[in-house]
Structures are given as structure tokens and as C-alpha cells.
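A look at the structure
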Amino acid sequence: MPTPSFAAPRAVGSGPAGAQSQGQGRGGSQSEPFPGAGRGPGGAPNFGPGDRPELEAGPNAGPGRDPESESEGQQPSSHPQERPAFAPAPGANSQRPDQPPADDVRPTDVFNSGWSAANSQPPGDRDPNSGPANGSGSDNGYGSPAGPSSRIPGGRKTLLISAAAAGGALAAYLGFAWMESGRIADGTSVAGVQIGGMNKTEAVNTLDRAFADLDGKVVLTASEGKDEKATPVGDLGLSLDAGAVADRLTGFTVNPVSLWKKMAGGGAEEADPGLSDEAIEKGLDAFRKDSGEEPKNAKVSFEGTEPKVTPSTDGYEISDSAADVVRAGWLTGEVDVPVQPKAPAITTADAEKVLAEQAEPAVSGPLTVRVGSAEVELTPEQIAPLLGFKAKDGELDLTVDGKKLKKLVLDEGGKDIAKEPVDARIVVENGKPRVIPGKDGVTVQAAALADQVREPLVAADAGQRVAEVPTSAQKPELTTEKAEKLGVKERISTFSTNLTADAGRTENLQIAGRAVDGTLVLPGETFSLNEVLGERTPEKGYNPAPAISGGRLVKDYGGGVSQMATTIFNNVFFAGLEDVYHKPHSFYISRYPEGREATVNWPTVDLKWKNDTKTAVLIKASVGSQVTVSFYGTKYWDITAGKSERSNLRSPETHYDDSPGCVAQGANGGFDVSITRTFRRPGSDKVEKTETFKAVYNAEDEVICGPEPGSRDDQDRDKPSRGEARAGDRD
């Protein structure tokens with residue numbers, strides 16, 4: 001936009017142009033030099049009273065003098081003014097050399113006419129003897145005081161010149177603002193992307209291209225690349241409206257701050273000034289969790305009896321100002337966010353102080369522990385393994401392993417310090433269960449022991465390294481009160497099975513019976529026979545006896561124990577307890593009831609049942625002429641058993657076996673059978689529920705120990721042994 005030019009203002013009345021520049025006065029025309037002024041002789045303006053022009057020359061203007069001049073502090077002068085060089089002598093022609101003739105109708109320069117508002121007559125019509133019109137005592141013959149010709153007052157002239165200068169400056173300012181409106185200031189960047197000096201279209205294209213290159217993610221890095229994570233732009237709350245950004249940085253403005261930036265150069269700008277730190281922090285949270293390094297506290301430990309310090313190390317974490325850095329550079333695609341140090345809670349200096357004040361004194365000599373009348377002295381070699389130092393509330397706290405210390409003290413003090421408690425027991429006498437009360441023990445509490453030795457351990461005086469520890473009563477696991485509330489008050493089931501003539505087998509059952517006898521199964525607990533007996537080994541006294549393996553009888557340690565499983569299972573059946581798992585024998589054994597028997601084998605085949613009542617179940621087992629097991633508790637059910645006919649009959653085969661260790665066995669057919677268990681409440685005929693168990697028995701093949709008849713080996717041998725048909729020799 002071209003800068004307008006301004007010409008200096010012409011003085012009013014300086015010529016025709018000056019006259020034409022005046023507006024219309026009161027009743028006057030545009031040719032009138034002053035508003036409201038009439039014309040005198042010769043076309044000169046004639047002013048009436050009160051019609052004096054605003055601009056009056058001379059300091060002695062009288063009452064009508066220029067108020068502006070007066071306001072500037074100019075005071076009327078009492079000195080007569082000198083007559084101007086061009087003034088005629090009194091009585092001479094009053095026509096001034098620079099005044100047009102009387103018949104000249106052009107406007108007269110009022111400022112040079114010498115008229116005043118006090119003298120409305122032309123100079124030639126005045127009486128030369130009447131004295132000066134302004135009363136000053138001096139006259140130049142034209143009705144004006146003697147002195148220089150009148151000019152524009154200084155204050156108004158200054159205003160006109162200032163206005164012209166201001167107008168020029170404003171025009172220049174607006175022109176510069178217009179020229180810069182379509183350009184982005186040099187040095188301007190948006191979220192790290194440079195767009196300085198570009199026009200709006202170029203800036204939009206550049207920003208859109210940078211955003212597209214992100215492919216929806218910003219790579220956050222920290223600590224010189226140790227930490228790195230590609231984070232979705234949306235997770236950081238970031239977005240870009242390139243057009244809006246360009247609009248904000250371009251466009252016409254007269255804001256001096258904005259224009260100054262255009263001249264001095266721009267700076268870093270945000271893509272979205274309204275984006276909050278909270279939005280960015282949500283995306284930074286995941287990066288914070290995966291980044292940084294935790295500081296490591298200093299430690300105090302022992303090597304033998306020598307304490308040592310492991311120094312601390314500083315860590316780092318993502319800085320609190322990370323959001324500002326992401327905001328400033330995310331559009332570049334990769335932002336290296338700042339980190340800040342993370343100091344350890346326990347410094348090396350802290351640990352060294354603990355070493356000097358606690359660790360070294362703790363192993364400086366023996367420690368005496370007194371429990372009642374017993375006294376135990378512990379050496380530094382025994383003390384050091386008990387000690388540790390744990391960080392707590394910014395400090396290292398000396399810890400003592402109370403459990404290890406208790407065992408050490410009890411091992412050293414023996415019977416003089418502790419006495420084991422005795423559990424209450426439930427026994428059956430004359431067919432009735434009763435509770436034998438338990439007994440409290442005497443012991444030291446591990447926690448109390450650790451607390452009592454801590455202060456003496458760090459004592460500087462050897463005479464103070466003595467810890468007094470009180471004893472406390474130790475309740476048995478099963479107290480008398482608990483036992484009496486278990487509801488073991490009557491026999492709820494019993495069952496017996498016959499023994500065989502195999503003495504080793506019977507002894508195995510006696511060992512198992514002793515392990516099972518007195519077992520108390522609390523409400524909700526599950527009984528496992530394998531868990532109670534454990535592995536059947538010679539060390540436990542078990543003998544080799546017949547057992548079934550792969551459909552054949554073999555010798556195995558603990559053979560016959562399945563008879564204990566069968567006897568227990570029948571108690572579970574008739575007590576109405578929950579059967580968790582049982583497995584019938586692979587072929588039928590006639591001394592057990594069909595379908596209502598169970599086998600076990602370590603560790604694969606087990607007998608499990610659950611006490612699903614509200615009271616405990618006590619198991620009593622004995623092995624005499626029979627194997628007898630009884631359950632005691634509270635009776636909840638009357639149980640009746642039912643059995644189906646045999647089905648799916650299977651025939652046995654005959655096998656000859658001349659290998660060492662052969663066990664002969666008789667032949668028995670196989671079949672399927674179903675057993676039912678019907679539940680009724682005691683004294684009621686109403687059936688509450690019925691359960692069905694199915695047993696599938698393989699045929700028991702006949703095994704003859706010896707060569708097959710007619711073979712060469714058969715001619716050189718005695719008659720082979722055959723298995724007896726009696727099932728009592730098996731399992």
C-alpha cells in the first residue's frame with residue numbers, strides 16, 4: 001500500500017487557495033476569509049462587534065486578543081511598537097504596497113491587513129487624529145499596532161506539524177502491517193517443525209506433511225536412549241489443525257507486539273495452545289512406568305562376623321516438566337523427554353553411621369540370654385547370622401530373626417526353658433467317646449525374644465550385654481474346649497473284613513491300622529489314605545505280600561493294605577459321607593462285598609473322602625482276627641445299600657509261567673455290578689437322595705507256575721503248581 005504524502009499547511013489568506021480553504025461563515029460565502037465577516041470598502045472584510053477572527057496578531061489586541069496566545073503565557077506589552085518599514089507617513093495614502101487595489105475583488109489576507117476587531121473601519125476612512133484604534137498610543141496608520149506583520153500562533157502551528165508527522169507515521173505503520181499480514185515471522189516453529197518465512201499455504205502443507213509422517217505415533221525417549229516407547233498420538237491428547245495454526249500466525253493486525261515479532265523474528269509456537277498438561281500426562285504415565293531407574297539404598301551386611309557397607313546408587317525418573325517438552329516438539333516424531341535424579345532413601349553416609357553405631361557393637365562380644373532360671377550365652381559367630389538391617393521410614397533398622405534365635409536358645413537351654421504342650425484327645429472307652437484334656441506348654445515367644453535382645457546387642461558396655469526374656473504359656477493346637485465342641489459323641493458306622501493266613505500280609509495291615517487309628521477329620525477336611533500311610537517301605541516295617549499288578553498277583557511291600565482301604569470305604573458308605581475318589585480292584589475278590597470295596601497303590605491310586613458334616617469324625621481302627629474300622633461323630637443319616645444283578649459276564653483264561661517269582665492264581669469270571677446308597681434321616685422312612693456306584697471286574701485268569709504241558713521243559717519238571725480257587729490267598 002503506497003504511503004500517503006502530506007504537504008505543509010498554507011497560511012489562511014495567503015492567496016486565493018488560502019481563501020478557498022475556509023468553510024462558510026455566518027451568512028458568508030466560500031470566498032470569505034473568515035466566517036461571519038462582511039465586506040468593507042474595496043472588498044475588504046468588515047467585522048462587526050464580536051466578529052473578530054479567532055487568530056489575532058499582536059500582543060496588544062485588547063479584550064479580543066487570541067486566547068491561545070494568552071494561554072501560552074504571553075502578556076500584553078506596554079512598550080510602543082516600531083512602525084514597519086512600509087508604513088506611510090500620517091496623512092499620506094494609506095494603500096499598503098502589498099495590499100491589492102480597492103477594485104481587486106480577491107480575498108484580502110486578513111492577517112496582513114492590519115485590521116483588528118476593535119476597528120471595523122478601513123484605514124483610509126479613520127481620522128488620523130483620533131489616535132490608535134487599539135488604545136495603545138501607537139498606530140501604524142492602518143489601524144494596527146506598530147510592529148511586525150501577524151503570523152500563525154506557535155502552539156497551533158506545532159499541532160499542525162505534529163499532526164502531519166503522525167499521519168505519515170500511521171500510514172507507514174499500516175502499510176507495514178498490511179505487507180506482513182500474509183507472512184509468518186522468520187524463526188517460527190510449531191511443535192518443533194520450522195515454518196518461519198512461509199506464507200499460509202506453505203505452512204499448512206508443511207505441518208500436514210509432518211503430521212502424516214508420524215503415522216499416528218510419537219517416539220518418546222529418555223536418558224540418552226536408555227528408555228524408548230512409541231506412544232499413540234491420541235494417548236497423549238495431541239492433534240493438529242494446520243489451518244487454524246496458520247490463521248493464528250498470519251492475518252492483518254495492528255497489535256504492536258505481533259508486529260514486533262514479525263520484525264524481530266518469531267519463536268516456538270504450540271500446535272494447540274488449549275491442550276492441558278493433564279491430557280499429555282495420561283499418555284506419559286505408561287512411559288513413566290516402563291522408564292527410569294530406581295535408586296539403590298546403601299546396605300549393611302555381615303561377612304562372617306565382619307560388618308560391611310554396600311554403597312548406594314542414584315536413580316532417575318521422567319521429569320515433571322516432560323509434558324512441556326512433548327508439547328514443544330511432538331510434531332518432529334521423536335521427543336527426548338528430560339529426566340530428573342531420584343535419590344535413594346538410604347545413602348552411603350547413612351549406612352556407614354549404622355555400621356559404626358549398631359553393626360560393629362552387635363558382634364563386639366558375647367550376648368547373655370536369661371529365660372527364667374536358665375541362662376544361655378551366644379557368641380558373635382552365633383549372633384551375626386541372626387542380624388539384618390531393613391530400610392524403614394528412610395532409616396536402616398536393626399532386625400533380629402526371632403525364629404532362629406528361639407531355636408538357638410531352646411537348643412542351648414533345653415528342658416530348662418521350654419515344655420511342649422499336649423493336645424486334647426478323644427478316646428473311645430466302652431463304646432463311648434470322651435475327651436482327655438490337653439495341657440499347656442511353656443515357651444518363649446520369638447517376637448518377644450527378638451525385641452528383648454536388640455538393645456543389649458548395641459550396648460557399648462560389655463556388662464550391659466544381657467537380655468532378660470520372660471516365658472509364656474503355649475496352648476496346644478487342640479485345646480480341651482475345642483475338642484468338646486467337635487460333636488464326637490456316638491458311633492456313626494462300623495465295618496469288618498476277614499484276614500488271610502498270610503502272616504506278613506496281616507502285619508502290614510496292623511502297621512496301617514496303627515497309623516489310621518485316632519485320626520480326627522474336622523468338618524470340611526478331606527481324608528487321604530496315601531497321605532496318612534505314606535509310602536509302604538521296609539523301613540516302616542512293611543513286608544512283601546500278594547498284590548495285584550497288571551491283572552496278575554505279584555509280591556510287593558505293603559501287599560494287603562487295600563483291605564484297610566476297603567474297610568474304611570464301607571464306613572464312608574454307611575456314614576453317608578462324601579466319596580471323593582475310590583477305585584474297585586481290577587478283578588473281584590470274594591472276601592469283599594461286590595462293588596463296595598476299594599484298592600490303593602502308592603502313589604497313583606488313593607482312597608479319598610470328605611467330611612461334609614458340621615461335626616468332626618474320629619476314626620478307630622484295629623486288626624485282630626479281623627480288620628475292624630469304626631467312625632465316631634454325630635449321626636446324620638440312615639443308609640441302606642442295594643446291589644444289581646451281575647451283567648456282562650467274562651470268562652477267564654489259563655496261563656503258564658515258569659519265570660522266577662511266579663505267583664499262582666485261580667480262575668474267576670469277570671462281570672459288571674451296580675451298587676446304590678439310599679439316604680434317610682435317622683428315624684425317618686423318607687428317602688432324601690440315592691447314589692449309584694458301578695464296578696467293572698475283569699476276569700481273573702488262572703496262572704499255573706511252570707512250563708506248559710507237553711513242552712520240553714515240562715518233561716524235566718515236577719507237576720506245575722496251580723493257583724487255588726480260594727480268593728483268600730490274594731491281595
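Residues numbered from 1 in each chain as written. Predicted model: local features only at pLDDT ≥ 70, side-chain atom pairs only at ≥ 80, totals over all residues. Heavy atoms only, no water.

Turning our attention to the sheet that holds strand β4 (residues 193-194). Spatial ordering of the open sheet is given by β4-β3-β7, a layout of three strands whose pairing is mixed. Because the sheet does not close on itself, it has two edges, and the strands there are β4 and β7 (268-269). Where strand β3 (residues 189-190) and β7 come together, two bridges link them in parallel fashion. Residue pairing for β7: V190 is matched across the bridge by E269. (Pairing = 2+ DSSP bridges. Helix = DSSP H or I, 4+ residues; strand = E, 2+ residues; numbered from the N terminus.)

Its 14 residues place the ends of helix α16 (residues 562-575) 20 Å apart at the C-alpha level, agreeing with the 20 Å of an ideal helix rising 1.5 Å per residue. Extensive coverage of α16 is indicated by the burial of 13 of its 14 residues. Trailing α16 by a residue or two, G576 shows a phi angle of about 80°, which is positive. (Expected span 1.5 Å × (residues − 1). Buried < 20%, exposed > 50% of the residue type's maximum accessible area, 1.4 Å probe, protein only.)

Under the defined criterion, the tally for this structure stands at twelve aromatic pairs. Judged by centre distance (6.2 Å) and plane angle (85°), the rings of F569 and F693 are edge-to-face. Of this pair, F569 sits in helix α16 while F693 sits in strand β35 (residues 687-697), and the two are 124 residues apart along the sequence. On the accessibility criterion, F569 (3% relative accessible area) is buried. By relative accessible area, which is 13% here, F693 ends up buried. Ring geometry for F573 versus F574: centroids 5.0 Å apart, planes at 70°, classification edge-to-face. Residue classification places F573 among the buried positions, given a relative accessible area of 1%. (Phe/Tyr/Trp six-rings, centres within 6.5 Å; stacked < 30°, edge-to-face > 60°.)

Summed over the entire model, instances satisfying the criterion amount to 23 salt bridges. K342 serves as the salt-bridge partner of E317, at 3.9 Å between the closest nitrogen and oxygen. In this pair, E317 sits in strand β10 (residues 315-318) while K342 sits in strand β12 (residues 339-342), placing the two residues 25 residues apart along the sequence. E317 gets classed as partly exposed once you look at its relative accessible area, which sits at 29%. Notably, a salt bridge pairs E691 with R677, separated by 2.7 Å at the nearest N-O pair. Note that E691 is positioned in strand β35 and R677 in strand β34 (residues 670-680), a separation of 14 residues in sequence. Judged by its relative accessible area of 27%, E691 is partly exposed. Through salt bridges that share partners, E270, D277 and R327 make up one connected network. (Salt bridge = Lys/Arg side-chain N within 4 Å of Asp/Glu carboxyl O.)

This brings us to a nonpolar patch on the surface. A contiguous nonpolar surface patch, about 570 Å² in accessible area, is contributed by L170, Y173, L174, W178, F252 and V254. Relative to the helices and strands, L174 resides in helix α3 (residues 154-180). Under the relative-accessibility criterion, L174 is labelled partly exposed at 31%. (Patch = residues over 30% accessible without salt bridge, like charges linked within 9 Å, V, L, I, M, F, W, Y side chains within 5 Å. Areas by Shrake-Rupley, 256 points an atom, 1.4 Å probe, with all protein chains shown as cover.)

Within this structure, the stated rule accounts for one disulfide. Paired by a disulfide, C662 and C705 hold their sulfur atoms 2.1 Å apart. Disulfide C662 to C705: torsion about the S-S bond roughly -80°, handedness left-handed. With a gap of 43 residues between them, C662 in the loop between β33 (654-657) and β34 and C705 in strand β36 (residues 702-705) connect regions that are remote in the sequence. As far as the burial class goes, C662 and C705 line up, both buried. (Disulfide = S-S within 2.5 Å.)

This brings us to unusual backbone geometry. Here the bond from W602 into P603 is cis, since omega is -10°, no more than 30 degrees from zero. Tracing the sequence through the fold places P603 in the loop between β27 (578-581) and β28 (608-610). Not every positive phi belongs to a glycine, and D393 is a case in point at roughly 55°. One can find D393 in the loop between β15 (387-392) and β16 (395-400). The residue N430 is not glycine, and still its phi comes out positive at about 55°. Its location among the elements puts N430 in the loop between β17 (425-429) and β18 (432-436).

This paragraph deals with the environment of A462. Here A462 shows up in the loop between α12 (446-457) and β20 (466-469). With a relative accessible area of 60%, A462 lands in the exposed category. Here the alpha-carbon distance between A462 and L367, two residues 95 residues apart in the chain, equals 8.7 Å.

The next subject is the side chain of H582. Position of H582 relative to the elements: it lies in the loop between β27 and β28. By relative accessible area, which is 14% here, H582 ends up buried. A polar side-chain atom of H582 sits 3.1 Å from a polar atom in the side chain of D579. (Polar contact = N/O pair within 3.5 Å; in protein donor to acceptor, adjacent residues only side chain to side chain.)

Right, let's talk about a negative patch on the surface for a bit. Negative charge collects at one region of the surface, where E224, E228, E334 and D336 lie side by side. Along the polypeptide, D336 turns up in strand β11 (residues 334-336). We classify D336 as partly exposed; its relative accessible area is 48%. (Lys, Arg positive; Asp, Glu negative; His and termini not counted. Charge placed at Lys NZ, Arg CZ, Asp CG, Glu CD.)

What follows deals with the confidence of the model for the protein. Mean pLDDT over the protein stands at 80; residues scoring 70 or higher make up 75%. Across residues 1-98 the pLDDT falls below 50, and counting only partners more than four positions away or on other chains, this stretch makes 146 contacts in the model. In the model, residues 100-150 has pLDDT below 50 throughout and makes 98 contacts with residues more than four positions away in sequence or in other chains. (pLDDT = per-residue confidence, 0-100. Contact = heavy atoms within 4.5 Å.)

Within the span of helix α5 (residues 242-249), buried status applies to A242, V245, A246 and L249. Buried residues along α5 cover an arc of 95° about the axis, so they all sit on one side. Directly beyond the C-terminal end of α5, a positive phi value near 100° is found at G251. (Arc of directions from axis to C-beta.)

Two elements in contact, helix α14 (residues 503-516) and α16, have axes separated by 9 Å at closest approach and are oriented at 45°. In terms of their interaxial angle, α14 and α16 are classed as oblique. For the pair formed by α14 and α16, the contact residues are R505, L509, A512, G513 and V516 on the first element and Q563, M564 and I568 on the second. Taken together, the residues that form the contact of α14 with α16 break down as five nonpolar, two polar and one charged. (Axes fitted to C-alpha atoms, helices over the stretch in contact; angles between N-to-C directions. Parallel < 35°, antiparallel > 145°, perpendicular 65-115°, else oblique. Nonpolar A, V, L, I, M, F, W, Y, C, P; charged D, E, K, R; others polar.)

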